[in-house]
Amino acid sequence: MSDAVMPTYARIDLAFERGEGPYLYTAENRRYLDFAGGIAVNSLGHSHPRLVAALEEQGRKLWHTSNLYRISGGEKLAERLVEHSFADKVFFTNSGTEALEGAIKLARKYHSHHGQPQKYRIITCDSAFHGRTMTALSAAGNAKHLEGFGPQTPGFDHVAFGNLNELRAAITEETAAILVEPIQGEGGIRAASMDFLKGLRTVCDEFGLLLILDEVQCGNGRTGKFFAHEWAGITPDVLATAKGIGGGFPLGAFMATDKAAAGMKPGTHGSTYGGNPLAMAIGNAVLDVLLEEGFLDGVLEISDYAREQFDGLVARYPDIFEEVRGSGLMLGLKCKVLNSDVIAAMRAGGLLSVGAADNVIRLLPPLTIERAHVDEAIAILEDVSQKLAQAA
C-alpha cells in the first residue's frame, strides 16, 4: 500500500482494473463475482451501458456550475423522485452522511420555524449507522466509531432497535424527531418489523415529531420496492438516501414533505457540489432503469430465488451459518464461525462480500443479477462451507 494514502482503511491487497455487470476484474484478468457492490452502491452493476452513455454525453457538455444557477437535470430528477415517493421537496448531496446531516438540520429547523427552538433532540436506535461526520457518528452512538473523537455532538437519545415502549419513554419536551433505518446495514442486516415501523408513524403523529428514515443503503429498489418503508404502508416526513441512487457515482439526497420542509428557506442549507449536472445526468439514468415497467418485479423475483438458495445453504451447514436476514437483495448471513474467515475464503474462491456487526456477512449484489449469478455464488459458498466444516 502507498504510504501517501492516510491509513484509515484496512484495505484488502487487491486492486481492480475494470468491471462488467456483476463482475470485477484485476489487471491479471482474475474475475470476481461482486456481491459487495461497493457496499450497496453499484445498484445496476459495473459499467452499465445506460450509465456510461449518460456520463459520456453529459461529460462532454457540462460538469459543474454551482447552485448559483438553475440545474435542469436536477429539477428533472427531483420531480421524478417526488412523483414516485411521499416527498414534495428534494435536496441533493454528494453522500449519505451529507443527506443525514441535512435531514437532521431540517428537523431542528422545522420546530424552530414553528416557534419551538427547544425541540432539537432526536431519538435514534442502538446498532445504527448514519455516516462518519461527527453529527452522524453521534446520532448512531457507536462507541467503536466515536473513540478518540469526543466530545460527541449533543442532541441524540439512543433506544433499543425495535422497542416502541423504550422509544416512547425517551420522548421529552425537547424531542424533535425519530431517526431509524428500516433495515440496519452496518448493524447486521437487521430489519425492523412492520409493526415497529407503523408504530413509529403513530408515535410521531401523537407527539408532533418528525419521522426521519435513513434509506441510504436499503432504498432505491434494494428491497424490491423503490423505498423499503413502502412495505409497511407508511410515509416518513423526511428521508435520507444515497448509494444506489447514483449507481456508483457520488450522489445522495434528503427528501421531505412540504410541511416538514417549511423552514428550509434560501440560505438555510447549501452544498458546493450537490446536484451538479454530471451527478444529475447519472441519477436520471439510474431512475430510467429502476422505473422501467417490470424492473422492480424482477428484483423481487430474483431476490425470492436468492433467499431460497441461501436458506438452503444455512440448512445444509448449520455449524457454519445460523440464519439468513434482510429483505430483497439486501441479505445477511449470520455466521457461527468468524464472518471474517468466511469472507476471506469467499474472496479466495472468487466471490466478494462485506462484513457487518453481529458476525454477519452482507450480500449486496446488483439489482440486475440473474439466477446463474446466484447459482455461482452458492457454488462458491458451498465449497467454502465444506472446507470450513472439514477444518473444524
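Everything discussed here concerns the structure shown above.
Rules used in this analysis
Residues numbered from 1 in each chain as written. Predicted model: local features only at pLDDT ≥ 70, side-chain atom pairs only at ≥ 80, totals over all residues. Heavy atoms only, no water. Helix = DSSP H or I, 4+ residues; strand = E, 2+ residues; numbered from the N terminus. Rg over C-alpha atoms; globule rule 2.2 N^0.38 Å. Buried < 20%, exposed > 50% of the residue type's maximum accessible area, 1.4 Å probe, protein only. Pairing = 2+ DSSP bridges. Contact = heavy atoms within 4.5 Å. Axes fitted to C-alpha atoms, helices over the stretch in contact; angles between N-to-C directions. Parallel < 35°, antiparallel > 145°, perpendicular 65-115°, else oblique. Left-handed = near helix turned anticlockwise from the far one by under 90°. Lys, Arg positive; Asp, Glu negative; His and termini not counted. Salt bridge = Lys/Arg side-chain N within 4 Å of Asp/Glu carboxyl O. Patch = residues over 30% accessible without salt bridge, like charges linked within 9 Å, V, L, I, M, F, W, Y side chains within 5 Å. Areas by Shrake-Rupley, 256 points an atom, 1.4 Å probe, with all protein chains shown as cover. Charge placed at Lys NZ, Arg CZ, Asp CG, Glu CD.

Colleague: Can you help me understand the overall build of the protein chain in this one?
Modeller: Within the protein chain one finds 12 helices and 17 strands. Relative to its length of 392 residues, the protein chain is compact, with a C-alpha radius of gyration of 21 Å against a globular reference of 21 Å. For the protein chain, the spread of C-alpha atoms along the principal axes amounts to about 65 × 55 × 50 Å. With 392 residues in all, the protein chain has 52% of them scored as buried.

Colleague: So what exactly am I meant to see when it comes to the sheet that holds strand β3 (residues 31-34) here?
Modeller: Across a sheet, strands are paired by hydrogen bonds formed along the backbone, either parallel or antiparallel in direction. Spatially, β1-β2-β3-β15 is the arrangement adopted by the 4 strands of the open sheet, whose pairing is mixed. Taken across any chain shown, the strands that pair with only one partner, and hence form the sheet edges, are β1 (18-20) and β15 (351-352). Pairing analysis gives 3 bridges linking β1 to strand β2 (residues 23-25), with the strands arranged antiparallel. What sits directly across from Glu20, in β2, is Tyr23. The strands that helix α12 (residues 371-391) touches are β2, β3 and β15; relative to β3, the one it contacts most, it runs at about 105°.

Colleague: What am I meant to see in the packing of helix α10 (residues 295-316) against α12 here?
Modeller: The axes of two packed helices give the description: the angle between them and the distance between them. Packing of α10 against α12 brings their axes to within 10 Å, and their N-to-C directions diverge by 15°. Overall, the two elements α10 and α12 adopt an arrangement that is roughly parallel. Considering how the two elements wind past one another, α10 and α12 form a crossing that is right-handed. Residue-level contacts link Ile302, Tyr305, Ala306, Gln309, Phe310, Leu313 and Arg316 of α10 to Arg371, Val374, Asp375, Ile378, Leu381, Glu382 and Ser385 of α12.

Colleague: Sorry if this is basic, but what is going on with the side chain of Glu101 here?
Modeller: Relative to the elements of secondary structure, Glu101 occurs in helix α4 (residues 96-113). Summary of buried charges: Glu101 has no salt-bridge partner, and the nearest side chain of opposite charge, Lys105, is 7.3 Å away. Beyond its immediate sequence surroundings of up to four residues, Glu101 is in contact with Thr133, Thr135 and Ala136.

Colleague: Where do I start with a negative patch on the surface in this structure?
Modeller: A contiguous patch of negative charge, built from Glu293, Asp297, Glu301, Asp304 and Glu308, is present on the exposed surface. With respect to the helices, strands and loops of the structure, Asp304 is situated in helix α10. Of the residues examined, Asp304 reaches a relative accessible area of 53% and is grouped as exposed.

Colleague: What should I look at first to understand the pattern of salt bridges in this one?
Modeller: Two side chains carrying opposite charge are able to pair once their charged atoms lie near each other. Enumeration over the complete set of coordinates arrives at 16 salt bridges. Where Lys334 meets Asp358, a salt bridge forms, and the shortest distance between an N and an O atom there is 3.3 Å. Here Asp358 lies in the loop between β16 (354-356) and β17 (360-363) and Lys334 lies in strand β14 (residues 330-335), a separation of 24 residues in the sequence. Lys334 sits in the buried class, given a relative accessible area of 11%. Accessibility expressed as a relative area gives 39% for Asp358, which makes it partly exposed. With its nearest N and O atoms 3.1 Å apart, the salt bridge here joins Asp383 to Lys387.

Colleague: Where do I start with the sheet that holds β16 in this structure?
Modeller: As summarised here, the arrangement of the 4 strands in space is β13-β14-β17-β16, forming an open sheet in which the pairing is antiparallel. At either margin of the open sheet sits one strand with a lone partner, and together these are β13 (321-327) and β16. Mean inter-strand twist for the sheet, computed between neighbouring axes without regard to direction, equals 30°. Where β13 and β14 come together, 6 bridges link them in antiparallel fashion. Each residue of the ladder has a partner; that of Arg325, found in β14, is Gly332. Set on the sheet, helix α11 (residues 339-348) makes contact with β13, β14, β16 and β17; between it and β17 the angle comes to about 40°.

Colleague: Could you clarify how one ought to interpret unusual backbone geometry in this entry?
Modeller: Most of the time, phi is negative for any residue but glycine, and the peptide bond is trans. For the bond from Gly150 to Pro151, the omega torsion is 0°, close enough to zero to count as cis. Note on placement: Pro151 falls in the loop between α6 (143-146) and β6 (156-159). One non-glycine residue, Ser47, adopts positive backbone phi at about 55°. Here Ser47 shows up in the loop between α1 (37-40) and α2 (49-59). The phi dihedral of Ile189 falls on the positive side, at around 50°, and the residue is not glycine.

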